[in-house]
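Overview (structure and organization)
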Amino acid sequence: MIKGTLAAAATPLRDGGRALDEAAFAPLVDFLVGAGLDGLLALGTTGEGILLSVAERRRVAELFMEAAAGRVDVAVHCGAQSTADTVALADHAAELGVAGVAVIAPPYFQLDDRALLEHFAAAAAACAPTPFFVYEFAATSGYPVPPHVVVQLQHRAPNLAGLKVSDMPWDRFEPYLLEGLDVFVGPESLIARGRAAGAVGAVSALATAFPELVAACVRAPTDERAAGLAELRATVERFPRHAALKYVLRGRGVPILEDVRAPLRGLTDGEREELDRLLPTWL
């Protein structure tokens, strides 16, 4: 089963974010492997997955699997606006032999309990027996997945393995520490507390650019390390996050462009200069 530190991997793009930068996937994965991560989650929030077409998302999953070559676990986020697209992506990911499939609640329409349960059950069935994870992130989906829906899903989906939970603060995170399910912490500030409460690891946006810092906190969690990551995350969030993380990666020697998919925006010259000043203080 997946555990430990997973990077919420950035997706390499080019041509102003209009196309995949296929040549950059292998160097990115090499960087993450070299930093000692246990795996990566492709096409999540940090990976801009919801902005890519189904065909692009399939290709991204293939590229990450090819680049990983069994060295680290690759999980793929397959959540989409429709159940049909979610099922198609989950089925494709399972065919690739991924270590896990994650699905967020579909954004825009706030689904009721019955609709959510049917959506997740269809996605889990499409990738079975591949381990299936509910991706709980109310700030992004627009509404939470009630914990009792997850419990109901346990009875419908034998391959339900756990959740990635990105909700904050702790009182919104804790209800998802459900018996029999592996939980991955999304907010870096909650890694130490989550690990102490039984979380099996973290899926971290910061880990795509600062993998060694996040891995150290997951493997030897302390409040001090978690607070340091929280401070780093708050600073990164002052910038357009997706472009900033790619810019940091490039500054660390990974040949990735800062290009992002519109309507996300890139960095200004002033933001690049500020990141150049900050990067040495972070490492």
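Residues numbered from 1 in each chain as written. Predicted model: local features only at pLDDT ≥ 70, side-chain atom pairs only at ≥ 80, totals over all residues. Heavy atoms only, no water.

Concerning empty space enclosed by the protein
What counts, and what does not: As defined here, a cavity is a set of points on a 1 Å grid over the protein atoms alone where a 1.4 Å probe fits but cannot get out. A pocket is an open set with protein on both sides within 12 Å along at least five of seven lines, and residues line them when an atom is within 4 Å of a point. Grid points are joined across faces, edges and corners, and a volume is the space filled by probe spheres set on the points. Each residue gets one of three labels, nonpolar for Ala, Val, Leu, Ile, Met, Phe, Trp, Tyr, Cys and Pro, charged for Asp, Glu, Lys and Arg, and polar for the others, Gly among them.
Under the definition given, this model contains 3 cavities of 30 Å³ or more. For the largest cavity, the calculated volume is near 90 Å³. Lining the largest cavity, in full, are Ile 2, Leu 6, Leu 41, Ala 75, Ala 102, Phe 133, Leu 163, Lys 164, Phe 184 and Val 203. Here the lining of the largest cavity is composed, by residue class, of 9 nonpolar, no polar and 1 charged.

A word on the nonpolar core
Using the following cut-off: Put simply, buried Ala, Val, Leu, Ile, Met, Phe, Trp, Tyr and Cys residues joined by side-chain atoms within 4.5 Å make one nonpolar core. Relative accessibility thresholds used throughout: buried, under 20% of the residue-type maximum; exposed, over 50%; partly exposed, between the two (1.4 Å probe, protein chains only). Comment: elements are numbered from the N terminus, with helices defined as DSSP H or I runs of at least four residues and strands as E runs of at least two. Residue contacts follow a heavy-atom distance rule, with two residues in contact if any of their heavy atoms lie within 4.5 Å.
Counting residues in hydrophobic clusters, the biggest one holds 92 residues, and the most contacted among them are Phe 64, Phe 132 and Phe 210. If one sorts the elements of this core by residue count, helix H4 (residues 113-127) sits on top with 8 residues. Not counting residues within four places of it along the chain, the set of residues in contact with Phe 132 comprises Val 101, Val 103, Phe 120, Ala 123, Ala 124, Cys 127, Leu 153, Asn 159, Leu 160, Ala 161 and Gly 162. The next biggest cluster of nonpolar side chains, apart from the first, holds 14 residues, and it includes Ile 2, Leu 6, Phe 184 and Val 203.

Here's the deal with unusual backbone geometry
Cis geometry is adopted by the peptide bond preceding Pro 129, which originates at Ala 128 and carries an omega value of 10°. You can see Pro 129 is positioned in the loop between H4 and strand S7 (132-136). Looking along the chain, the bond that leaves Met 168 and enters Pro 169 is cis, with omega of -5°. Tracing the chain through its elements places Pro 169 in the loop between strand S8 (160-165) and helix H7 (170-173). Not every positive phi belongs to a glycine, and Glu 48 is a case in point at roughly 60°. For Glu 48, the position within the fold is in the loop between strand S4 (39-42) and helix H2 (54-68).

Here's the deal with the pattern of salt bridges
To keep things clear, this is the line we draw: Any Lys or Arg side-chain nitrogen located within 4 Å of an Asp or Glu carboxyl oxygen qualifies as a salt bridge.
Scanning the model with the defined rule gives 17 salt bridges in all. Residues Glu 66 and Arg 59 are paired through a salt bridge, measuring 3.7 Å at the closest nitrogen-oxygen approach. For Glu 66, a relative accessible area of 52% translates into the label exposed. Arg 59 gets classed as partly exposed once you look at its relative accessible area, which sits at 27%. For Arg 252, the salt bridge identified is with Glu 212, shortest N-O distance 2.5 Å. Of the two residues, Arg 252 is situated in the loop between helix H11 (241-251) and helix H12 (269-282) and Glu 212 in helix H9 (residues 211-219); the sequence distance between them amounts to 40 residues. Judged by its relative accessible area of 23%, Arg 252 falls in the partly exposed class. The class for Glu 212 is partly exposed, based on a relative accessible area of 32%. Three or more residues joined by partner-sharing salt bridges are found here, namely Glu 22, Arg 59, Glu 62 and Glu 66.

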